[in-house]
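Structure assessment
In case you want the letters, here they are:
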There are 4 protein chains.
Amino acid sequence: MKNYIVEFIGTFFLLLVIGLCVIEPGGAGMLAPLAIGTILMVMVYAGGHISGGHYNPAVTLGVWLRGKCKAKDVPFYMLAQVLGASVASLLAIKIKGGALILAASPDTVNALLAEFIFTFALVYVVLNVATAKKTAGNSYYGLAIGFTLMAAAYAIGSVSGCAINPAVAIGLTIMGLSSLGNLWIFIVANLAGGALAAAVFKITNGQE
Amino acid sequence: MKNYIVEFIGTFFLLLVIGLCVIEPGGAGMLAPLAIGTILMVMVYAGGHISGGHYNPAVTLGVWLRGKCKAKDVPFYMLAQVLGASVASLLAIKIKGGALILAASPDTVNALLAEFIFTFALVYVVLNVATAKKTAGNSYYGLAIGFTLMAAAYAIGSVSGCAINPAVAIGLTIMGLSSLGNLWIFIVANLAGGALAAAVFKITNGQE
Amino acid sequence: MKNYIVEFIGTFFLLLVIGLCVIEPGGAGMLAPLAIGTILMVMVYAGGHISGGHYNPAVTLGVWLRGKCKAKDVPFYMLAQVLGASVASLLAIKIKGGALILAASPDTVNALLAEFIFTFALVYVVLNVATAKKTAGNSYYGLAIGFTLMAAAYAIGSVSGCAINPAVAIGLTIMGLSSLGNLWIFIVANLAGGALAAAVFKITNGQE
Amino acid sequence: MKNYIVEFIGTFFLLLVIGLCVIEPGGAGMLAPLAIGTILMVMVYAGGHISGGHYNPAVTLGVWLRGKCKAKDVPFYMLAQVLGASVASLLAIKIKGGALILAASPDTVNALLAEFIFTFALVYVVLNVATAKKTAGNSYYGLAIGFTLMAAAYAIGSVSGCAINPAVAIGLTIMGLSSLGNLWIFIVANLAGGALAAAVFKITNGQE
């Protein structure tokens, strides 16, 4: 239960910062990716020792495939993440009351590619900095994970919106920043990217 | 006494950077939150081994409720923080002499919500990275704490001014960036957020 | 083989972020250097324990001269880096389809100087934070390496384009951001800078 | 001799990044402080294990007063720092050839105050994160030191130019960014701030 509370809190703050920073007026403009990557970083540092600090169903999938998350935890982790994302998205809309929000209309092929490739990057980083034997005990795992999201947001924010996280995609849809018809793009591409990262991790880290 | 000097110095620099970066002209514009989160980070790293590096009555409350600050220290910590904030605020106005400063006029309910939720985030991060047994000895605690303030400032700077710290709220009031009539919003919401964080910390970290 | 896969992945993401952030519209504007330095940082943290996380022929040259890379690995590392850079550059152009790209036309002497001096800085930092005995086991090596690139990009982005990496120079040429006629500037200056860094490392670190 | 080479290199890159980022056109605009704080951070990480990574006569003074720098090293450290700063400043002007540079004309009292207070902050951070027994072996010292300069530059860049370092002040004077008649402001205020930091360090850290 402790794990699920921590996953709820972390994903809640991730979406709350996304909503408050991306929706204008009163947002963070070109610095939104810095704020968003940073909130992921601090939540990973705050909750990593309890739940692992996933806050992302694609990460949970990758960590499970890599053998560091119990199968019975997987659905509850994902549920807690989606719940946290949903509550935060409703709260962000409430606080931003009245803002004009337009859903992005990305090119489908580019969005699929961008979401797949950068979710791979995120989960590849997570597995290497937070689950590999050779990097155990390091102090940089949160910085590496959170700032991967930041770099991705600068790179593909204008291509796909840069969810690289199905819970974030659901939150963006609730807030109206992405359309319901495009939700499948994120879910498919993000989970596929996470699964590929687990496979590449196993190839490049060998037997542990 | 050493502790109180360190708390004074840290809160002094936090408010001095806030005043010099937020008051225009000559401020830091959209990069003010980066500078503000950073000065908190460096002061936590510089003073953490002496006083714990609170620089915030809501943090002192949360750390005390979590059992890592002596009751007799609490009022003196808070006094040192408020004194440091006040002296720095007067100095910032002096240096910025002549600048036209207008107090923000936030929506009360949104400001209460924003201050409560993000003070919770800050103290939740502090307790987990700086007082939990499982994260002891890490090198990221200052980065996590300072950059939580940075992310919060981008998210709710336009909603409430983002004090998430009663000493900062007093400093903002002295500088004229916030009105005296709104001071209760911060004091109530920040202390409540800090107290909730201590409760959630105990639930999610179990008996230590 | 694991090493080469990791070098391919890291250099791939470095160039993909460069292409997506530098080519406008939809790029990161003045924040491109932050995103670019960050993707290098996270890839160093993700792959350092496997391949050393070079992602740069000038780094591979410097690490080899300093005695921490096997001679037989050098050509394969460089090949993997150039391949990763090339594939990512083609992908970036595909995603940015239709953008008007103009090759920079730097002053040759200034570009040679800037590329030589800042490649020296990058490799000097790499050797000291990632191969020196006295800094072994630190958690800051990725931050130091990635953010050296960030600082360099702000300093000499307008002077030479700031490749400080022959694989990046090849990628910039493929994307049309740099002209084929200027490619020699980068290759000569970057390899010379890396070699000098190895010499200075040996002088300043003594016999290990 | 190794120490002096490292001090020369670090101060050289600090001034080179300052010159290239601050002098427009082709500079880093509002992101110059980020680049400048970052180059200090990476040079501290790269050279700290050799020379201590001062790159600043005010730091050398403070570290000597605190008892962690030999008296006979002090003049040579300062000489290496001033030499590195001077050579880099001449190089920056050469690369920026033709740029129109106007010296700042700060209010003298505010500039003295700002330089004194923020040099105190920098040296207070240096002594606590890099020379205190209780923080020995940490991985954050370079981040804390470099980013103190970054926060200071956002706070007082428009007040005094934010040298907080006599070698930087000499470099700014050589580049024409500050006038010769104002050089005393920096030298007096910076050395006084560094000396005060050493005294406060001793009071707050007790006998070690």
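Scroll up to find the structure.
Thresholds applied
- Residues numbered from 1 in each chain as written.
- Chains lettered and ligands numbered in written order.
- Predicted model: local features only at pLDDT ≥ 70, side-chain atom pairs only at ≥ 80, totals over all residues.
- Helix = DSSP H or I, 4+ residues; strand = E, 2+ residues; numbered from the N terminus.
- Rg over C-alpha atoms; globule rule 2.2 N^0.38 Å.
- Buried ≥ 20, exposed ≤ 12 C-beta atoms within 10 Å, placed from the backbone.
- Contact = placed C-beta atoms within 7 Å.
- Least-squares fit on C-alpha atoms with pLDDT ≥ 70 in both.
- Nonpolar A, V, L, I, M, F, W, Y, C, P; charged D, E, K, R; others polar.
- Axes fitted to C-alpha atoms, helices over the stretch in contact; angles between N-to-C directions.
- Parallel < 35°, antiparallel > 145°, perpendicular 65-115°, else oblique.
- Left-handed = near helix turned anticlockwise from the far one by under 90°.

Further remarks concern the overall build of chain A. Looking only at helices and strands, chain A features eight helices and zero strands. Mapped in sequence order, the helices and strands of chain A form the string α-α-α-α-α-α-α-α. Taken against the 2.2 N^0.38 rule, which gives 17 Å for 208 residues, the C-alpha radius of gyration of chain A at 16 Å falls within 12% of a compact globule. When its C-alpha atoms are laid out on the principal axes, chain A stretches across 55 × 35 × 30 Å. Every one of the 208 residues in chain A was classed for burial, and the buried ones make up 65%. Partitioning the contacts of chain A with sequence separation of at least 6, the portion at a separation of at least 24 is 78%.

Rotating chain A by 90 degrees about the axis while translating it 0.0 Å along that axis superimposes it on chain B, leaving an RMSD of 0.0 Å. Both copies of the chain, as the preceding transformation shows, are related through a four-fold rotation axis. Residue A:S139 of chain A places its C-alpha closer to the rotation axis than any other residue of that unit, at 4.0 Å. In this assembly the copies use different faces: only 8% of the residues contributing to the interface of chain A also contribute to that of chain B.

Right, let's talk about the interface of chain D and chain C for a bit. Taken together, the contact pairs 26 residues of chain D with 30 residues of chain C. Those elements that place two or more of their residues in the side of chain D that touches chain C are α1 (2–22), α2 (32–51) and α6 (141–156) of chain D. Looking at the side of chain D that touches chain C element by element, the count peaks at 10 residues for α2(D). The class makeup of the residues in the side of chain D that touches chain C is 18 nonpolar, seven polar and one charged.

The two copies are related by a screw motion: chain D maps onto chain C through a turn of 90 degrees and a shift of 0.0 Å along the axis, at an RMSD of 0.0 Å. Both copies present different contact surfaces, since only 8% of the interface residues of chain D are interface residues in chain C too.

On to the interface of chain A and chain B. Counting residues at the interface gives 26 residues for chain A and 30 residues for chain B. When contributions to the side of chain A that touches chain B are tallied by element, the ones reaching two or more residues are α1 (2–22), α2 (32–51) and α6 (141–156) of chain A. It is α2(A) that contributes the most residues to the side of chain A that touches chain B, 10 residues altogether. Of the residues that constitute the side of chain A that touches chain B, the class distribution is 18 nonpolar, seven polar and one charged.

Moving on: helix α7 (residues 166–175) of chain A. Residues and elements named next belong to chain A. Of all 10 residues that make up α7, 10 are buried, and the element is covered over most of its length. Taken residue by residue, α7 has P166, A167, V168, A169, I170, G171, L172, T173, I174 and M175 as its buried positions. Buried-residue contacts for α7 involve α1, α3 (57–65), α4 (74–95) and α8 (183–205). Following α7 by one or two positions, G176 adopts a phi angle in the positive range, close to 85 degrees.

Residues and elements named next belong to chain B. In this fold, I39 is placed in helix α2 (residues 32–51). A tally of 29 C-beta atoms within 10 Å means that I39 is categorised as buried. Counting along the chain gives 55 residues from I39 to K94, while the straight-line C-alpha distance between them is 20 Å.

Another aspect to go through is unusual backbone geometry. The omega torsion of the bond from B:E24 to B:P25 falls at 0 degrees, within 30 degrees of zero and hence cis. Within the element layout of this structure, B:P25 appears in the loop between α1 (2–22) and α2. Despite not being glycine, B:C162 shows a phi value in the positive range, around 55 degrees. Relative to the assigned elements, B:C162 resides in the loop between α6 (141–156) and α7 (166–175). The phi angle at C:Y55 is positive, at roughly 60 degrees, despite the residue not being glycine. Within the secondary structure, C:Y55 sits in the loop between α2 (32–51) and α3 (57–65).

Take the packing of α2(B) against α6(D) next. When two helices pack together, their arrangement is given by the angle between their axes and by how far apart the axes lie. At their nearest, the axes of α2(B) and α6(D) sit 9 Å apart, and the two run at 140 degrees to each other. Between α2(B) and α6(D), the angle falls in the class oblique. Crossing handedness for the pair α2(B) and α6(D): left-handed. Between α2(B) and α6(D), the residues in contact are B:A35, B:T38, B:I39, B:M41, B:V42, B:Y45 and B:A46 and D:A144, D:F147, D:T148, D:M150, D:A151, D:Y154 and D:A155, respectively. Tallied by class, residues from the contact of α2(B) with α6(D) come to 12 nonpolar, two polar and no charged.

With that settled, consider the environment of B:A169. Residue and element names in this part refer to chain B. Mapped onto the secondary structure, A169 falls in helix α7. Assessed through the 28 C-beta atoms surrounding it within 10 Å, A169 is described here as buried. A sequence separation of 31 residues divides A169 from N138, and the C-alpha atoms of the two residues are 30 Å apart. Excluding anything up to four places from it in sequence, A169 contacts A163, S178, L183, F186 and I187.

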